[in-house]
Amino acid sequence: KIELKHGSHRIGKRTDEVMQKWRGYGLGQFIHWGLYAIPGGEWNGKQYNGAAEWIRSWNGIPKSTYDSLIYKFNPVNFNADEWATTAKQMGAKYVTITTKHHDGFCLWPSKYTSYTVANSPWKKDIMKPLVDAYDKAGIDVILYFSVMDWNHPGWRYDIKTKEDSVAFEGFKQFTRNQLIELLTMYPTAKGLWFDGTWDKSWVKQAEFADQLETEMRKLRPGLIIGSRFRADEKGKRHFDANNVLMGDYEQGWERKLPNKIEDVHGNDWDCVMTVPENQWGYNKAWKGHIKTANELIEMTAKSVSLGGNFVLNFGPQGDGAIRKEEKQLATQIGNWMKINKEAIYNCQYAGLEKQDWGYFTKKTGGNKLYMVVFNAPVSGAYRVKLPAKMGITKAYALATPTQSLSTEEIHTNEYFIHLKKQGGDQPFVIVLETKNSS
Ligand SMILES: C#C[C@@H]1N[C@@H](C)[C@@H](O)[C@H]1O
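A short tour of the structure in this document, coming up. (Residues numbered from 1 in each chain as written. Predicted model: local features only at pLDDT ≥ 70, side-chain atom pairs only at ≥ 80, totals over all residues. Heavy atoms only, no water.)

## Describing the side chain of Thr113
Inference 1: Its place among the elements puts Thr113 in the loop between β4 (94–100) and α4 (127–136).
Inference 2: Reaching out from Thr113, the side chain makes a polar contact with the backbone nitrogen of Tyr115 at a distance of 3.0 Å. (Helix = DSSP H or I, 4+ residues; strand = E, 2+ residues; numbered from the N terminus. Polar contact = N/O pair within 3.5 Å; in protein donor to acceptor, adjacent residues only side chain to side chain.)

If you want it as structure tokens, here you go:
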């Protein structure tokens, strides 16, 4: 075991109530919004091939021209309640909102920089109405914060010279001030989702980041901070030099999903996912494969079946409206969640052998198992293997709870659940009530 001062400060999952609630969210919404939504991945008729929120890093648009987009920020169609309603309709239990992305533009009137909404034509705070709207909708708020800040003169990719070091010290204080400011201005926020922490400059700040995390947790007891915030003194990120998770949950699943339970090492985790291949901020021209509602529902079920949360990204337009494709997906996913949410909310890894028809989830603290079916067997016989003594007392399709399904024990603790072919092209859920829960 390597002696670490700034490694992980906890072995195993958090067991407090706030984290238990986080663990049960199942489905969340990510919002990426800022100045980058105005060009929407295009400049002077030319398409930027990268992710739209990274357009400032493209040599097709002068940095100063990008930075002056602040004078065009006037989202006349912004309506915080509409965003929260879209999330509610989808069945999201929490939302992660960009307060500041890598370009440094602040969606709140920070007093530590002039590069904020306060100095745009819009003038008003964006974060306050959003936090209030989501709180009112009963959706918990997590604040996304990018440490990397291309607008701040003290930002450095690495600390090589004395000048770098002096400049970065100022940047570190600025970062701390903004984080304390956010936690003070939006006290109902349940956590912080950090990004932009991969460069050497920040990775070298193990002590500072550790102390800052401690300060934030003291200011806001119960605050949820993921594994992406800080590195240990050996420069290890997400998992410290003893391979122990840093922070409260693993933030490594960005646009990808674990495949088996061993991949998540017994930790909490979330998967954050884009609708196109790789566009977080609004992009006018979505290219390539655009994920369907069924694909996203399957990713949600797979995430919950492996003990994580699935967070779907929305990139509102520069005028503040949510694009129609995203609204359609929210409605389609929401329609499915209306019928099947019992298999997603407050559910966990079931500890059972995965079968080909889909994913098991298990109600936390209960004796209900859910079979979320994506690949119905042509035989109509759904294979289930249970631990000894668990036994099945009842089986039914969630949509038709009064119609019990026939259960055939084909081997010891191995069953076929018989269900005639379901119509339609939607995934569905079979519920198994068991004699005992373990
Ligand atoms: C790379 C990168 C960033 N991480 C995702 C969550 C988006 O914010 C993207 O710009």
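Moving on, there is more to tell.
## Quick word on the site of the ligand
Inference 1: Within the structure, the ligand sits among His32, Glu53, Trp54, His101, His102, Tyr144, Trp193, Asp195, Glu254 and Trp280.
Inference 2: In the environment of the ligand, a nitrogen atom lies 2.8 Å from a nitrogen or oxygen atom belonging to the side chain of Asp195.
Inference 3: When the free accessible area of the ligand is taken as 290 Å², the share hidden by the protein chains comes to 87%.
Inference 4: Of the residues that constitute the shell around the ligand, the class distribution is 4 nonpolar, 3 polar and 3 charged. (Near = heavy atom within 4 Å. Areas by Shrake-Rupley, 256 points an atom, 1.4 Å probe, with all protein chains shown as cover. Nonpolar A, V, L, I, M, F, W, Y, C, P; charged D, E, K, R; others polar.)

## Topic: the nonpolar core
One broad trend across soluble globular proteins is that nonpolar side chains are buried collectively.
Inference 1: Membership of the largest hydrophobic core comes to 102 residues, with the highest contact counts inside it found for Tyr134 and Met216.
Inference 2: Of the residues forming this core, the biggest block, 7 residues, is contributed by helix α5 (residues 162–185).
Inference 3: Ignoring anything within four residues of it in the chain, the contact list for Tyr134 reads Gln29, Ile31, Trp83, Ala84, Ala87, Val95, Ile97, Ile139 and Val141.
Inference 4: One finds Ile392, Ala395, Leu405 and Tyr415 within the second-largest nonpolar core, a separate group that totals 20 residues. (Core = buried A, V, L, I, M, F, W, Y, C linked by side-chain atoms within 4.5 Å. Buried < 20%, exposed > 50% of the residue type's maximum accessible area, 1.4 Å probe, protein only. Contact = heavy atoms within 4.5 Å.)

## Structural notes on helix α3 (residues 80–90)
Inference 1: Those residues of α3 that sit buried are Ala80, Trp83, Ala84, Thr86, Ala87 and Met90. End-on view of α3: buried residues confined to an arc of 155°, all on one side of the axis.
Inference 2: Where α3 is buried, its residues touch β1 (27–31), α4, β10 (308–314) and α9 (324–340).
Inference 3: The distance from a side-chain oxygen at the start of α3 to the backbone nitrogen of Asp81 is 2.9 Å, and the residue carrying that oxygen is Asn79.
Inference 4: Positive backbone phi, at 95°, marks Gly91, one or two positions downstream of α3. (Arc of directions from axis to C-beta.)

## Things to note about the sheet that holds strand β14 (residues 381–385)
Note: strands within a sheet are paired through backbone hydrogen bonds, in either parallel or antiparallel orientation.
Inference 1: In spatial order, the strands read β14-β17-β16; together these 3 strands make up an open sheet with antiparallel pairing. Where the open sheet ends on each side, the last strands, each with one partner, are β14 and β16 (406–411). The sheet shows a mean angle of 30° between the axes of neighbouring strands, taken without regard to direction. (Pairing = 2+ DSSP bridges. Axes fitted to C-alpha atoms, helices over the stretch in contact; angles between N-to-C directions.)

## Overview of the environment of Thr86
Inference 1: Position of Thr86 relative to the elements: it lies in helix α3.
Inference 2: As a C-alpha pair, Thr86 and Thr331 span 245 residues in sequence and 7.8 Å in three-dimensional space.
Inference 3: Setting aside residues up to four positions removed in sequence, Thr86 forms contacts with Phe314, Ile322 and Ala330.

## What about the packing of α3 against α9?
Inference 1: In the contact formed by α3 and α9, the axes pass within 7 Å of each other and the chain directions differ by 40°. Classed by the angle they form, the pair α3 and α9 counts as oblique. Taking contact as the criterion, the partners of Thr86, Gln89 and Met90 in α3 are, on α9, Ala330, Ile333, Gly334 and Met337.
Inference 2: A breakdown of the residues in the contact of α3 with α9 according to their chemical character gives 4 nonpolar, 3 polar and no charged. (Parallel < 35°, antiparallel > 145°, perpendicular 65-115°, else oblique.)

## As for the state of the cysteines
Inference 1: One pass over the full model with this rule turns up 0 disulfides.
Inference 2: Not engaged in a disulfide, the cysteine Cys271 finds its nearest cysteine sulfur in Cys347; these two sulfurs lie 18 Å apart.
Inference 3: Given the relative accessible area of 0%, Cys271 is considered buried. (Disulfide = S-S within 2.5 Å.)

## Structural notes on unusual backbone geometry
Inference 1: In the Ramachandran plot, His265 falls in the positive-phi region, its phi being about 50° despite a non-glycine side chain.
Inference 2: One non-glycine residue, Asn413, lies in the positive phi region at around 65°.
Inference 3: Among the structural elements, Asn413 can be located in the loop between β16 and β17 (414–418).

## Quick word on the pattern of salt bridges
Inference 1: What the rule picks out here adds up to 30 salt bridges.
Inference 2: The shortest N-O distance in the salt bridge between Arg228 and Glu254 comes to 2.8 Å. Linking Arg228 in the loop between β7 (224–225) and β8 (250–254) with Glu254 in strand β8, this pair joins segments that are 26 residues apart in sequence.
Inference 3: Of the residues examined, Arg228 reaches a relative accessible area of 7% and is grouped as buried.
Inference 4: Salt-bridge contacts for Lys368 lead to Glu342; the nearest nitrogen and oxygen are separated by 3.2 Å. In this pair, Lys368 is assigned in strand β13 (residues 368–373) and Glu342 in the loop between α9 and β11 (347–348), connecting sequence segments 26 residues apart.
Inference 5: Here Lys368 falls in the partly exposed class, since its relative accessible area comes to 23%. (Salt bridge = Lys/Arg side-chain N within 4 Å of Asp/Glu carboxyl O.)

## Section: helix α7 (residues 206–219)
Inference 1: The terminal C-alpha atoms of α7, which comprises 14 residues, lie 20 Å apart, in line with the 20 Å expected from a rise of 1.5 Å per residue.
Inference 2: Considered for burial, the residues of α7 that qualify are Ala206, Phe208, Ala209, Asp210, Leu212, Glu213 and Met216.
Inference 3: Contacts from the buried residues of α7 go to α5, β6 (191–195), α6 (200–203) and β7. (Expected span 1.5 Å × (residues − 1).)

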